[in-house]
Amino acid sequence: LSPLSTATGTIRREGVTKEVMEAYDRYAKKHNGMLVRTDAWWKKKEDQWHVATYHADEMEGYILYTISEGVMTVDEFLPLTPGARKGLWNFICQHDSMVLTVKVKLAEGEVLPLMLKNPRIKVEDYPYFMARVVDVEPFLKTYLRDKETFKAFTLKVKALKYNDDRFENASVAFNAETLSPTYEL
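Keep in mind the model is a prediction, meaning the values are calculated, not measured.

Enquirer: Please set out the overall build of the protein residue by residue, giving values where relevant.
Expert: In terms of helices and strands, the protein carries five helices and eight strands. Taken from N to C terminus, the helices and strands of the protein fall in the order β-α-α-β-β-β-α-β-α-α-β-β-β. Here the protein holds 185 residues, and the buried ones make up 32% of them. Long-range pairs, those at least 24 residues apart, make up 54% of the contacts in the protein between residues at least 6 apart in sequence. Summed over all atoms, the accessible surface of the protein reaches about 12,800 Å², with 50% contributed by carbon and sulfur.

This is the structure we're talking about:
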């Protein structure tokens, strides 16, 4: 593990604090695919992770991590500033005598891998969350309001046999004015 240039802030190891929750909320507002996390969600997950926060003038980022059997797994790497990115990575690097492997889950677009010197890393992309739309028509009326960019699609619901059969392998076209569907079986 190769540390980056020195960051001017400090790292604190603490539990999930209001600052951590607020940092996540600030980050979530600027990035796609983030979930709303309630206090109950944080409380439920709190015992699963160690929390390290990066502070300059204020808290500027955090990591949620575990260390077990020679592996450090960073489940959430959330820097709000470039200084936090460096400081949190350098904190991870300080564990090189304790761990043989480091696994870091990064958000899409995170630049950390581009900053590493001579990286010997394995990068994998995989979907983090999926959703199931059970009632298609209201979903499309709500989320596809831009009538010009969406005209038609084919919907296949082979795995959901309990669903209305009219959807299976059906083509669905939408009226451009009302977005009402027309099904072709």
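Enquirer: Help me get a handle on the pairing of strand E4 (residues 71–79), residues and values and all.
Expert: Consecutive side chains along a regular strand alternate between the two faces of the sheet. Of all nine residues making up E4, seven are buried, and the element is well covered by its neighbours. In this sheet, E4 lies alongside strand E3 (residues 59–68) in antiparallel orientation, the contact comprising eight bridges. Of the residues in E4, the one forming a bridge with Ser-68 is Val-71. Here E3 hands over to E4 after two residues, with Glu-69 in that stretch at a positive phi of 50°. Two strands pair when backbone bridges link them, and E4 and strand E5 (residues 101–104) are joined in this way by four bridges, in the parallel orientation. Following the sheet pairing, Thr-73 is matched in E5 by Lys-103. In this view, the connection linking E4 to its parallel neighbour E5 by way of helix H3 (residues 82–93) has right-handed handedness.

Enquirer: Tell me about helix H1 (residues 18–30), and please be specific about residues and values.
Expert: In a regular helix each residue adds 1.5 Å, so 13 residues correspond to 18 Å; H1 covers 19 Å between its end C-alpha atoms and thus fits that length. Within H1, burial applies to Val-20, Met-21, Ala-23, Tyr-24, Tyr-27 and Ala-28. Buried residues along H1 cover an arc of 160° about the axis, so they all sit on one side. Within H1, the exposed residues directed more than 90 degrees away from the buried face are Lys-18, Lys-29 and Lys-30.

Enquirer: I'd like a rundown of a negative patch on the surface, residues and numbers included.
Expert: The grouping of Glu-19, Glu-22, Asp-25, Asp-57 and Glu-58 at the surface amounts to a negative patch. With respect to the helices and strands, Glu-58 occurs in the loop between strand E2 (50–55) and E3.

Enquirer: Give a detailed account of unusual backbone geometry, specifying residues and quantitative values.
Expert: Only a minority of non-glycine residues have a phi that is not negative, and only a minority of peptide bonds are not trans. Its identity is not glycine, yet Glu-69 carries a phi of approximately 50°, on the positive side. Within the secondary structure, Glu-69 is located in the loop between E3 and E4. Located in the positive-phi region is Asn-118, a residue other than glycine, with phi close to 45°. For Asn-118, the location among the structural elements is in the loop between helix H4 (112–115) and helix H5 (136–143).

Enquirer: So what's going on with the packing of aromatic side chains? Residues and values would help.
Expert: Taken as a whole and assessed by the stated rule, the structure comprises five aromatic pairs. With centroids separated by 6.0 Å and ring planes inclined at 45°, the aromatic side chains of Trp-41 and Trp-49 adopt a geometry described as tilted. Residue Trp-49 is classed as buried on the basis of its relative accessible area, which comes to 16%. With centroids separated by 5.8 Å and ring planes inclined at 70°, the aromatic side chains of Tyr-65 and Phe-91 adopt a geometry described as edge-to-face. In this pair, Tyr-65 is assigned in strand E3 and Phe-91 in helix H3, connecting sequence segments 26 residues apart. Each member of the aromatic cluster is reached from another via a ring pair, and the members are Tyr-24, Trp-41, Trp-42, Trp-49 and Tyr-62. If you follow Arg-37 out to its NZ or CZ, it ends over the ring of Tyr-24, 3.8 Å from the centre. The lysine or arginine in question, Arg-37, covers the ring of Trp-42, its NZ or CZ lying 5.0 Å from the ring centre.

Scoring rules and cut-offs
- Residues numbered from 1 in each chain as written.
- Predicted model: local features only at pLDDT ≥ 70, side-chain atom pairs only at ≥ 80, totals over all residues.
- Heavy atoms only, no water.
- Helix = DSSP H or I, 4+ residues; strand = E, 2+ residues; numbered from the N terminus.
- Buried < 20%, exposed > 50% of the residue type's maximum accessible area, 1.4 Å probe, protein only.
- Contact = heavy atoms within 4.5 Å.
- Areas by Shrake-Rupley, 256 points an atom, 1.4 Å probe, with all protein chains shown as cover.
- Pairing = 2+ DSSP bridges.
- Right-handed = clockwise from strand over helix to strand, strands pointing away.
- Expected span 1.5 Å × (residues − 1).
- Arc of directions from axis to C-beta.
- Patch = residues over 30% accessible without salt bridge, like charges linked within 9 Å, V, L, I, M, F, W, Y side chains within 5 Å.
- Salt bridge = Lys/Arg side-chain N within 4 Å of Asp/Glu carboxyl O.
- Lys, Arg positive; Asp, Glu negative; His and termini not counted.
- Charge placed at Lys NZ, Arg CZ, Asp CG, Glu CD.
- Phe/Tyr/Trp six-rings, centres within 6.5 Å; stacked < 30°, edge-to-face > 60°.
- Lys NZ or Arg CZ within 6 Å of the ring centre and 35° of its normal.

Spatial relationships are all this shows, so hold off on functional conclusions.
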